[in-house]
Amino acid sequence: MTAGPEPVPRTRQVRIVRHEARAAADRALHAALHRIVLAWWPILQQAVAAALAWWVARHVFEHDDPLFAPMAAIVALNTPRGERGTNAIRVVAGVVTGVLVGQAASTLLGRNYVGVAAAIFFALLITAAAGNARTTMAQAAVSAVIAVAMGGDAGLTRALDAVFGGAVALLFSQLLFPADPLRLLRRSESELLADLARALDLTSHSLRHDDRSSAFTLWQRLRPLYAAAAELSKACDMMVASAQRSPRRRNQRAPLQSELLSVAHLSLLGNSCLTLSRESQSVPPEHRREFAPAINEAAALLQMLASDPADPALRQLTVFSALDVVGQVPEEGPGRLKAAWESLRWVVHDLAIFAGAKPETAREALG
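Residues numbered from 1 in each chain as written. Predicted model: local features only at pLDDT ≥ 70, side-chain atom pairs only at ≥ 80, totals over all residues. Heavy atoms only, no water.

**Q** When you look at the overall build of the protein chain in this model, what are you seeing that I'm missing?
**A** Check the secondary structure of the protein chain and you find 13 helices and zero strands. Shown N-terminal to C-terminal, the secondary structure of the protein chain runs as helices and strands in the order α-α-α-α-α-α-α-α-α-α-α-α-α. Considering only residue pairs separated by 6 or more positions, the protein chain has 74% of its internal contacts joining residues 24 or more positions apart. Carbon and sulfur atoms provide 61% of the accessible area of the protein chain, an area that totals close to 20000 Å². (Helix = DSSP H or I, 4+ residues; strand = E, 2+ residues; numbered from the N terminus. Contact = heavy atoms within 4.5 Å. Areas by Shrake-Rupley, 256 points an atom, 1.4 Å probe, with all protein chains shown as cover.)

The structure is reproduced here in structure tokens:
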């Protein structure tokens, strides 16, 4: 009988487990530090804005317990940059609507469970009919409850505090520290390019190893990319609106408009990469290893451009390098392999146009 593999010694197993635990702890610490680096400045703005809103309500307008002013400032600014001004308006609109509905409900129905239920129902119904976001609806419902439950001037005080907090949030988001729409948009482009590069790397890995676990990992990575590509287009509209609202960013409206065309091509590139990943799984097993390197080259180009999508020299290099990839297309092969190569050609086509090539140049290079 053939002897089986020798069991791994227990001491070695312990060392392996310890090494993996340390590696996992290092990755978690690195991720936490990265999140802190990204978050500390917006968080500091929220803290200062909340304190300023409290001071204004307490010492300028003489509210004894201005709890809702700092709360409104925090909620308004606790959203991605580029949306903070809009969120401030949503918070104030929700609070004012809720207070008005709550006061009417308490007057007509009394301060009881019927009044609370009616106030919540009509506050949510009015904000829903106006097409407002969930933030507005939640603020309206909470304010309606407070207006009914506390009665008197509590609802009005909350509405005034929300106006103070919202005003401070607008001061911070639109005048003092407005978002840089062009920078945020290019950061979004960079993140999507990097995600697409990783997806193509996984695609190549699944072709080289041809195992189920690689294919499963690939599908897990691809699912969020469908939503990410769609969200980028929505981000464009948000950034243009942000530039129009902020006096300090209005000079960016023209560059943003020209960037919209590039984003459209990036969305097409995302769809092409996803199609390539899907088509590659149908390549016959005997041709997978020869197809994988070309996908690796495309992934490397995406990762290179992700480092700085706005760099003209990097864009030009990407165009020249991308068009070289299609030179590897074989003249013969089974239909599934040809379909996968055709998907790769479209990835190259969309990447070249996003990087600055003229559409006719990209089409001619593809043949």
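**Q** Explain the packing of aromatic side chains to me, please; I cannot follow it from the model alone.
**A** Any pair of aromatic rings gets described here by the distance separating the centres and the angle formed by the planes. Evaluated as defined, the whole model comprises six aromatic pairs. Ring geometry for Phe61 and Phe164: centres 4.2 Å apart, planes at 20°, overall stacked. Of this pair, Phe61 sits in the loop between helix 1 (10-60) and helix 2 (68-77) while Phe164 sits in helix 6 (residues 154-176), placing them 103 residues apart in sequence. A network of ring pairs unites the aromatic residues Trp40, Trp41, Phe172 and Phe177 as a single cluster. The ring of Phe354 carries the charged tip of Arg315 above its face, separated from the ring centre by 4.9 Å. (Phe/Tyr/Trp six-rings, centres within 6.5 Å; stacked < 30°, edge-to-face > 60°. Lys NZ or Arg CZ within 6 Å of the ring centre and 35° of its normal.)

**Q** Just checking my understanding: could you explain the nonpolar core for this structure?
**A** Judged by nonpolar contacts, the single largest core of 46 residues is most densely connected at Leu193, Leu200, Leu269, Phe291, Leu302 and Leu344. For this core, the secondary-structure elements that each account for two or more residues are helix 7 (181-209), helix 8 (212-245), helix 9 (253-280), helix 10 (285-306), helix 11 (312-325) and helix 12 (335-354). Core analysis: the second largest hydrophobic core is formed by 18 residues, Ala49, Ala53, Ala72 and Phe164 among them. (Core = buried A, V, L, I, M, F, W, Y, C linked by side-chain atoms within 4.5 Å. Buried < 20%, exposed > 50% of the residue type's maximum accessible area, 1.4 Å probe, protein only.)

**Q** What exactly am I supposed to notice about the pattern of salt bridges here?
**A** When their charged atoms lie close together, side chains carrying opposite charge are able to pair. By the definition in use, this model includes two salt bridges. For Glu342, the salt bridge identified is with Arg345, shortest N-O distance 3.3 Å. Highlighted residues: Glu342 and Arg345, both in helix 12, separated by three residues, approximately one helical turn. Residue classification places Glu342 among the partly exposed residues on the basis of a relative accessible area of 37%. Its relative accessible area of 17% is what places Arg345 among the buried residues. (Salt bridge = Lys/Arg side-chain N within 4 Å of Asp/Glu carboxyl O.)

**Q** How do you make sense of the environment of Arg289 when you look at a structure like this?
**A** One can find Arg289 in helix 10. Arg289 gets classed as exposed once you look at its relative accessible area, which sits at 59%. In this structure the C-alpha to C-alpha distance between Arg289 and Arg208, which are 81 residues apart in sequence, comes to 5.1 Å. Leave out the neighbours within four places in its chain, and Arg289 touches Leu207 and Arg208. Only 3.1 Å separates the side chain of Arg289 from the backbone oxygen of Arg208, close enough to count as a polar contact. (Polar contact = N/O pair within 3.5 Å; in protein donor to acceptor, adjacent residues only side chain to side chain.)

**Q** Can you walk me through unusual backbone geometry in this structure?
**A** Glycine aside, a negative phi is what most residues show, and trans is what most peptide bonds show. A positive phi angle, near 60°, is found at Glu62, a position not held by glycine. Along the chain, Glu62 turns up in the loop between helix 1 and helix 2.

**Q** Help me understand the packing of helix 4 (residues 113-129) against helix 5 (residues 134-150), please; the structure alone is not making it clear to me.
**A** The angle between the axes and the distance between the axes are what describe a pair of packed helices. Contact geometry for helix 4 and helix 5: axes closest at 8 Å, N-to-C directions at 155°. The orientation of helix 4 relative to helix 5 falls into the category roughly antiparallel. For the pair helix 4 and helix 5, the crossing hand works out as right-handed. Residues Gly115, Val116, Ala119, Ile120, Ala123, Leu124, Thr127 and Ala128 of helix 4 pack against Thr136, Met137, Ala140, Ala141, Ala144, Val145 and Val148 of helix 5. For the contact of helix 4 with helix 5, the class distribution of residues is twelve nonpolar, three polar and no charged. (Axes fitted to C-alpha atoms, helices over the stretch in contact; angles between N-to-C directions. Parallel < 35°, antiparallel > 145°, perpendicular 65-115°, else oblique. Left-handed = near helix turned anticlockwise from the far one by under 90°. Nonpolar A, V, L, I, M, F, W, Y, C, P; charged D, E, K, R; others polar.)

**Q** Which parts of the structure should I look at to understand the confidence of the model for the protein chain?
**A** Where the model shows low pLDDT, its predicted coordinates should not be examined in detail. Averaged over the protein chain, the pLDDT score is 82; the fraction of residues at 70 or greater is 82%. Mean pLDDT across the secondary structure elements of the protein chain bottoms out at helix 8, with 67, and peaks at helix 4, with 93. (pLDDT = per-residue confidence, 0-100.)

**Q** I tried to follow the packing of helix 3 (residues 84-109) against helix 6 on my own but got confused; where do I start?
**A** Where helix 3 meets helix 6, the closest approach of the two axes is 9 Å, and the angle between their N-to-C directions is 170°. Judged by the inter-axis angle, helix 3 sits roughly antiparallel to helix 6. Note on element contacts: helix 6 touches helix 3 through Gly155, Leu156, Arg158, Ala159, Ala162, Val163, Gly166, Ala169, Leu170, Phe172, Ser173 and Gln174, opposite Arg84, Gly85, Ala88, Ile89, Val92, Val95, Val99 and Gln103.

**Q** How should I be thinking about the side chain of Asn87 in this particular structure?
**A** Relative to the elements of secondary structure, Asn87 occurs in helix 3. Engagement of the side chain of Asn87 in a polar contact is seen with the backbone oxygen of Val75, the distance being 2.8 Å.

**Q** Would you explain helix 2 in this entry?
**A** In an α-helix there are 3.6 residues to a turn, and that puts residues three or four apart on one side. Among the ten residues in helix 2, seven count as buried, and that is most of the element. For helix 2, every residue scored as buried is listed here: Phe68, Ala69, Pro70, Ala72, Ala73, Ala76 and Leu77.

**Q** For this particular structure, what's the right way to read a nonpolar patch on the surface?
**A** On the surface, Leu52, Trp54, Trp55, Val60, Phe61, Leu171, Leu175 and Leu176 cluster together into a nonpolar patch covering about 710 Å² of accessible area. Of the residues forming the nonpolar patch, the biggest block, four residues, is contributed by helix 1. Taking the relative accessible area as the measure of exposure, Phe61 reaches 42% and is therefore partly exposed. (Patch = residues over 30% accessible without salt bridge, like charges linked within 9 Å, V, L, I, M, F, W, Y side chains within 5 Å.)

**Q** Which parts of the structure should I look at to understand helix 5?
**A** Taking 1.5 Å per residue as the helical rise, helix 5 with its 17 residues ought to reach 24 Å, and the 24 Å between its terminal C-alpha atoms agrees with that figure. Within the sequence span of helix 5, burial applies to Thr136, Met137, Gln139, Ala140, Ala141, Ser143, Ala144, Ile146, Ala147 and Val148. Packing partners of the buried residues in helix 5 comprise helix 2, helix 3, helix 4 and helix 6. Directly beyond the C-terminal end of helix 5, a positive phi value near 65° is found at Gly151. (Expected span 1.5 Å × (residues − 1).)

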